[in-house]
Amino acid sequence: MGLNSWNTYEKESPGVMEKPLACWEGRDYYKDEVLPSLTIILKTGGCRHNRCRMCSYRFERYKEQTPDKLASLIISQLDWVLEHHNLEKIRMVKIYTSGSFFDPDEVPQGVVNTTARIFKGKLVVAETRPEFVESGRIGEFMAMIDTGEWDTPLTVAMGLETTSDFIREKCIDKGFSWQDFLSAARETHTSGAGVKAYLLHKPLFLTEHEALTDMEQSIRTVSGIADMISLNPCTVQRHTELESYWKSGEYRPPYLWSVLSLLISAPVFVTCDPVGGGRSRGPHNCGTCDRDIVDAIRDFSLSNDRGLLIDVFEKGCRCRAEWEYILSGEQPYCMPLSG
Amino acid sequence: MTGYEVIRRDGLARLSVLATPHGPLHLPAAVDTRDLFPDLANRELSNVPLTAPEDFARQYHLRGKGQPVTIHPAIEPDASSGDCIIVPGWHTALSNPRGYVEWLVRLKEAVPPDTAWYAPGTALPSNAHILCYSGFDLFDYTAVDLKTAQGRFCLPEGDFPGKVMDEGICSCPGCRESDLLQHNRFALERELALIRQFIALHQVREFVESRSRMTAEHVAIIRHLDSRNRFMEERIPVVRDARLGAMSGDALFRPEVRRFAARVLDRYLPPPGDVAVLLPCSARKPYSLSQSHRRFAGAVAGRAVELIVTSPLGLVPREIERIYPAAHYDIPVTGYWDREELSITASALAGFLSRHPCRRIIAHLDGGALQAAAMAADICEKEFECTGGDRPASDGALKRLSEALEGERVVRHDIVRGTLSYQFGVDVDTRGMAVRWKNLDLLVRKGKNPLFSLDPGTGLLRPTFEGWKLIPEGYRVIIDDFPVRGDILAPGVISADPRILEGDEVLVEGPQALATGRAAMPAFEMEASSRGIAVRVRKVLKE
């Protein structure tokens, strides 16, 4: 009782600014150029699907708010961004929510319009589930941000995760199909925006080898459809189904060796930000070689220079033999073999 | 369908044979299971972790079209006699002893007993003992080969950096050639060969207790299993012809030890007499053969019910001192009794004396046994007379004991009635029976008819057909309509008294036959198995 009323007071008191869940400046590689970028993760009404096994954003949401109230809470976060970041030098803005930026229930239309106004002239990447991609709304939003500076000022990012419907269903519980993604990509392109696909490397219930093969196939299949591909090595986030399997030794994030070999052999440029790289909850090797490999992957993502990857791969480490054994020895009925 | 037959059991562990296209495979063993089971190649994307909830397991469980048959703790297994069972992800259970035992018990109870159990990607020289003790039979080289890839040198005591190979610890062919892969595989095979020997000797528990001291999880698994009373009771033989090493506190909770104490309390019928004398144990078993007990016998002169106070069994009545494990246990004697031993012994003693009240109780004891007796006296609110002094076997103490019994009537210790009550839970009228000892053998007759003989290895009585007439019910194995020639095989059994354990004397009854013999498997296995010897027949009644 007491806590609730305190919370309400906190939220409703005027002058208290909402903060995004996360917001940071970085650099992104785009068409042979490194752009200063801003990444924003907004707290919203929450993902409508809200079932993915590895997702910890499930609890990050404003509960039971009226659309107007919700809009003002999110706009308050955008105000915070304006107050804390100098947008002039930023050229690319990446907007994530705990779900879909283009879900009107999650992010009211007013917020979308405000966002467009704030980031007008920037190269915008906004993430959504495919069921909320509708060429009219996408085109409208793009028209609002377009100043003619960019050929494709908007890129719609979707967490496709894998091109395998079986794996997306069993290992992620994502709730949409490859066909759903294809339709959304078509809609996006019709509106003139670009498509970015996120692939999830090694969700639950896959051997190291199955996960590697899944990503190889996914990259190959999606490369003709998505304009940008980003490989996300899976990390273990708190209070997720994934975490409980990880704690009982039934899940291991991918080896950095696998990530390296995927990026090296990919038929197209695939970016990768190995979040949590080198930690037991993120993609990792033995602990000795991790840092150099994570650095090489980050540098590669800003340069498309595969030589950087090949160097660390060929430099090797004692743990490479372990990884090679895992690729052949780990089976669906005895996995994960290592920690 | 392959063929699988258990040859010898020791608790959950067993020696067995799996029929394969390449010939019989003697288990426990490690093999390249991907060669043995081509169907394993067809199980892509089939992972379902052991902790997965039921709805997920139901949706994604893949039984497999061929062998081995996959099972999962959350769902009803679909396996038949003779199958090879695979429990995916069993290696992850080893770090979770509570889950390990929970799943093991659930799965073992749900799957026919005559199935081979394969633990994939799990076996190392350092954990093979606990896997076999838990009833796994088949292993692969995956875990040791991974250690090789990691540069680790494997021993039963754990794994070490690869360079330890040069320290002269092992001289196997792999070590001679500095071939780590060969050594690690060899170390696993050697350990499994050793385990097979200990199963054959009925000493697997002793072996596992010694091995497990290196790993907390292994000790925890043993303890959690020991706490599964009903599950373990059915699977531990009633008697063994082997030593029981009670080398650590864990032995107090061995199912064999607890069963003995429970039967002394619930089944055993002591001789009529209202004076009890509590005596210390001896290193030599049965106690009567020891120097000290010969002296005690002289002093008591039959004038009291003799009860031996001992750890870990608590209380051994003289009449049943030959029954396993009373005549078989071995314990380090230091004179120190820990609190657990004292409390278990005291409550066994107090329980017995409450059930069979005596007018006088003479504690001819010293040290921890005396302390336990004092605790028991408190529990049952009785006065014990103490005659033992510092050295119960000394002349002075014996004199005190003899004087204390002055004028008491002689008690007739009756090994036949006592043993039959412990063994079958019956009260047999032994009047008119003649008991004749011949060295360690004992023969019981009535008139010209032999009724029972004692098995000197286990201490149980072997009834003849005449003897069985005195045991009106129970311990019967009902077989189908066939004449008995040789041992009874499991598929021929229609039903068996659920109290029958491996090692029990049984009477085989069928439309065409009556036979005596010894159970080679517990009742539930006789009823559920389609292979293996159920009863080793001693004698068939000729019409």
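Residues numbered from 1 in each chain as written. Chains lettered and ligands numbered in written order. Predicted model: local features only at pLDDT ≥ 70, side-chain atom pairs only at ≥ 80, totals over all residues. Heavy atoms only, no water.

**Re the overall build of chain A**
Reasoning step 1: Assigned secondary structure in chain A consists of twelve helices and eight strands.
Reasoning step 2: What you see for chain A is a C-alpha radius of gyration of 20 Å, in line with the 20 Å of a compact globule of 339 residues.
Reasoning step 3: Counting only C-alpha atoms, chain A reaches 60 × 55 × 35 Å along its principal axes.
Reasoning step 4: Looking at the 339 residues of chain A, the share that counts as buried comes to 58%.
Reasoning step 5: Put simply, 75% of the contacts in chain A that link residues at least 6 apart link residues at least 24 apart.
Reasoning step 6: Within the structure as shown, chain A displays about 14,300 Å² of accessible surface, and the carbon and sulfur contribution to it stands at 49%.
Reasoning step 7: Across chain A, the mean location of the 38 positive side-chain charges is 3 Å away from that of the 48 negative side-chain charges. (Helix = DSSP H or I, 4+ residues; strand = E, 2+ residues; numbered from the N terminus. Rg over C-alpha atoms; globule rule 2.2 N^0.38 Å. Buried < 20%, exposed > 50% of the residue type's maximum accessible area, 1.4 Å probe, protein only. Contact = heavy atoms within 4.5 Å. Areas by Shrake-Rupley, 256 points an atom, 1.4 Å probe, with all protein chains shown as cover. Lys, Arg positive; Asp, Glu negative; His and termini not counted. Charge placed at Lys NZ, Arg CZ, Asp CG, Glu CD.)

**Digging into the overall build of chain B**
Reasoning step 1: In terms of regular secondary structure, chain B is built from 19 helices and 27 strands.
Reasoning step 2: In terms of overall size, chain B behaves like a compact globule, its C-alpha atoms giving a radius of gyration of 26 Å where 543 residues would be expected to give roughly 24 Å.
Reasoning step 3: When burial is assessed residue by residue, chain B has 59% of its 543 residues classed as buried.
Reasoning step 4: Long-range contacts, defined as pairs at least 24 residues apart, comprise 64% of the intrachain contacts of chain B with a sequence gap of at least 6.
Reasoning step 5: Put simply, chain B shows about 22,500 Å² of open surface, and 51% of that area lies on carbon and sulfur atoms.

**Points about the packing of aromatic side chains**
Reasoning step 1: This structure, assessed with the given rule, holds 24 aromatic pairs over all chains.
Reasoning step 2: Between Phe313 of chain A and Trp323 of chain A, the ring centres sit 6.1 Å apart and the planes meet at 90°, which makes this aromatic pair edge-to-face. Of this pair, Phe313 of chain A sits in helix 11 (residues 306-315) while Trp323 of chain A sits in helix 12 (residues 319-329), and the two are ten residues apart along the sequence.
Reasoning step 3: Judged by relative accessible area, which is 17%, Phe313 of chain A ranks as buried.
Reasoning step 4: Through successive ring pairs, a cluster of aromatic residues spans Phe166, Phe205 and Tyr245 of chain A together with Phe56 and Tyr60 of chain B.
Reasoning step 5: The positively charged end of Arg252 of chain A is found above the aromatic ring belonging to Tyr255 of chain A, 3.6 Å away from the centroid.
Reasoning step 6: The ring of Tyr141 of chain B carries Arg185 of chain B above its face, with NZ or CZ at 4.0 Å from the centroid. (Phe/Tyr/Trp six-rings, centres within 6.5 Å; stacked < 30°, edge-to-face > 60°. Lys NZ or Arg CZ within 6 Å of the ring centre and 35° of its normal.)

**Some remarks on the packing of helix 9 (residues 256-265) of chain A against helix 12 of chain A**
Residues and elements named next belong to chain A.
Reasoning step 1: Between helix 9 and helix 12, whose axes approach to 10 Å, the crossing angle comes to 75°. As the angle between them shows, helix 9 and helix 12 are arranged roughly perpendicular. Contacts from Trp257, Ser258 and Ser261 of helix 9 reach helix 12 at Cys319, Arg320 and Trp323.
Reasoning step 2: When its residues are assigned to classes, the contact of helix 9 with helix 12 shows three nonpolar, two polar and one charged. (Axes fitted to C-alpha atoms, helices over the stretch in contact; angles between N-to-C directions. Parallel < 35°, antiparallel > 145°, perpendicular 65-115°, else oblique. Nonpolar A, V, L, I, M, F, W, Y, C, P; charged D, E, K, R; others polar.)

**With respect to the domain arrangement of chain B**
Residues and elements named next belong to chain B.
Reasoning step 1: By domain assignment, chain B separates into domain 1 (3-227), domain 2 (244-404), domain 3 (424-471) and domain 4 (473-543).
Reasoning step 2: If you look at the interface, domain 2 gives seven residues, while domain 3 gives eleven residues.
Reasoning step 3: Note on domain 2 versus domain 3: buried area summed over both sides is about 600 Å², and carbon and sulfur give 63% of it.
Reasoning step 4: The largest per-residue losses of area from domain 2 upon contact with domain 3 belong to Arg267, Leu269 and Arg322, which jointly make up 64% of the total buried on that side.
Reasoning step 5: Linking domain 2 to domain 3 there are zero salt bridges.
Reasoning step 6: In this structure, the connection of domain 2 to domain 3 is made through two residue pairs in polar contact (both at pLDDT 80 or more). (Domains from an automatic or database assignment. Buried area = accessible area lost by both parts, 1.4 Å probe. Salt bridge = Lys/Arg side-chain N within 4 Å of Asp/Glu carboxyl O. Polar contact = N/O pair within 3.5 Å; in protein donor to acceptor, adjacent residues only side chain to side chain.)

**Points about the pattern of salt bridges**
Once the charged atoms of two side chains with opposite charge are near each other, the side chains can pair.
Residue and element names in this part refer to chain B.
Reasoning step 1: For the coordinates displayed, the defined rule picks out 61 salt bridges over all chains.
Reasoning step 2: Here Asp137 and Arg14 are joined by a salt bridge, their closest N and O atoms 2.8 Å apart. Of this pair, Asp137 sits in the loop between helix 5 (128-133) and strand 8 (138-139) while Arg14 sits in strand 2 (residues 13-20); the two residues are 123 residues apart in sequence, bridging distant segments of the chain.
Reasoning step 3: Here Arg14 falls in the buried class, since its relative accessible area comes to 7%.
Reasoning step 4: Note that Arg211 is salt-bridged to Glu191, the shortest N-O span being 2.7 Å. Taken together, the positions of Arg211 in helix 9 (residues 204-212) and Glu191 in helix 8 (residues 180-200) put the pair 20 residues apart, joining distant regions of the chain.
Reasoning step 5: Owing to a relative accessible area of 16%, Arg211 belongs among the buried residues under this scheme.
Reasoning step 6: Ionic contacts of the salt-bridge type, sharing partners, join the residues Asp10, Glu206, Arg240, Arg254 and Glu256 into one network.

**Observations concerning the packing of helix 14 (residues 339-355) of chain B against helix 15 (residues 367-379) of chain B**
Axis angle and axis distance: for two packed helices, these are the angle between their axes and the distance between the axes, and together they describe the pair.
All names here are of chain B.
Reasoning step 1: The geometry of helix 14 relative to helix 15 is characterised by a closest axis approach of 8 Å and an angle of 50° between their N-to-C directions. Considering the angle they form, helix 14 stands oblique to helix 15. Like other packed secondary-structure pairs, helix 14 and helix 15 cross with a definite hand, here right-handed. Across the interface between the two elements, Leu342, Ser343, Thr345, Ala346, Ser347, Leu349 and Ala350 from helix 14 touch Gly368, Gln371, Ala372, Ala373, Met375, Ala376 and Ile379 from helix 15.
Reasoning step 2: When its residues are assigned to classes, the contact of helix 14 with helix 15 shows nine nonpolar, five polar and no charged. (Left-handed = near helix turned anticlockwise from the far one by under 90°.)

**Observations concerning the environment of Ile95 of chain A**
Residues and elements named next belong to chain A.
Reasoning step 1: Mapped onto the fold, Ile95 is located in strand 3 (residues 92-97).
Reasoning step 2: Each C-alpha atom of the pair Ile95 and Phe119 lies 11 Å from the other, and the pair is 24 residues apart in sequence.
Reasoning step 3: When near neighbours in sequence (up to four residues on either side) are disregarded, Ile95 contacts Ile40, Leu42, Phe101, Thr115, Phe119, Val124, Val125, Ala126 and Glu127.

**Overview of the sheet that holds strand 21 (residues 461-463) of chain B**
Residues and elements named next belong to chain B.
Reasoning step 1: Spatially, 18-19-20-21 is the arrangement adopted by the four strands of the open sheet, whose pairing is antiparallel. The sheet terminates laterally at strand 18 (433-438) and strand 21, the two strands that pair on one side only. The average undirected angle you get between the axes of adjacent strands in this sheet is 25°.
Reasoning step 2: Here strand 18 runs beside strand 19 (residues 441-446); their pairing, made up of six bridges, is antiparallel. Residue pairing in the sheet places Lys438 in a bridge with Asp441 of strand 19.
Reasoning step 3: In the packing of helix 17 (residues 415-424) onto the sheet, the strands contacted are strand 18, strand 19, strand 20 (449-454) and strand 21, and the crossing angle to strand 21 comes to about 85°. (Pairing = 2+ DSSP bridges.)

**Focus: the interface of chain A and chain B**
Reasoning step 1: Between chain A and chain B, the contact holds 25 residues from the first and 28 residues from the second.
Reasoning step 2: Taken over both partners, the interface formed by chain A and chain B buries close to 2,300 Å², and the fraction arising from carbon and sulfur atoms is 60%.
Reasoning step 3: The largest per-residue losses of area from chain A upon contact with chain B belong to Lys170, Tyr325 and Tyr333 of chain A, which jointly make up 31% of the total buried on that side.
Reasoning step 4: Seen at the junction of chain A and chain B, the total is zero salt bridges.
Reasoning step 5: The tally of links from chain A across to chain B stands at eleven residue pairs in polar contact (both at pLDDT 80 or more).
Reasoning step 6: Mapped onto the side of chain A that touches chain B, the elements with two or more residues apiece are helix 5 (165-172) and helix 12 of chain A.
Reasoning step 7: Counting residues per element, the side of chain A that touches chain B draws most heavily on helix 12 of chain A, which supplies six residues.
Reasoning step 8: Residues of the side of chain A that touches chain B, tallied by class, amount to 14 nonpolar, five polar and six charged.

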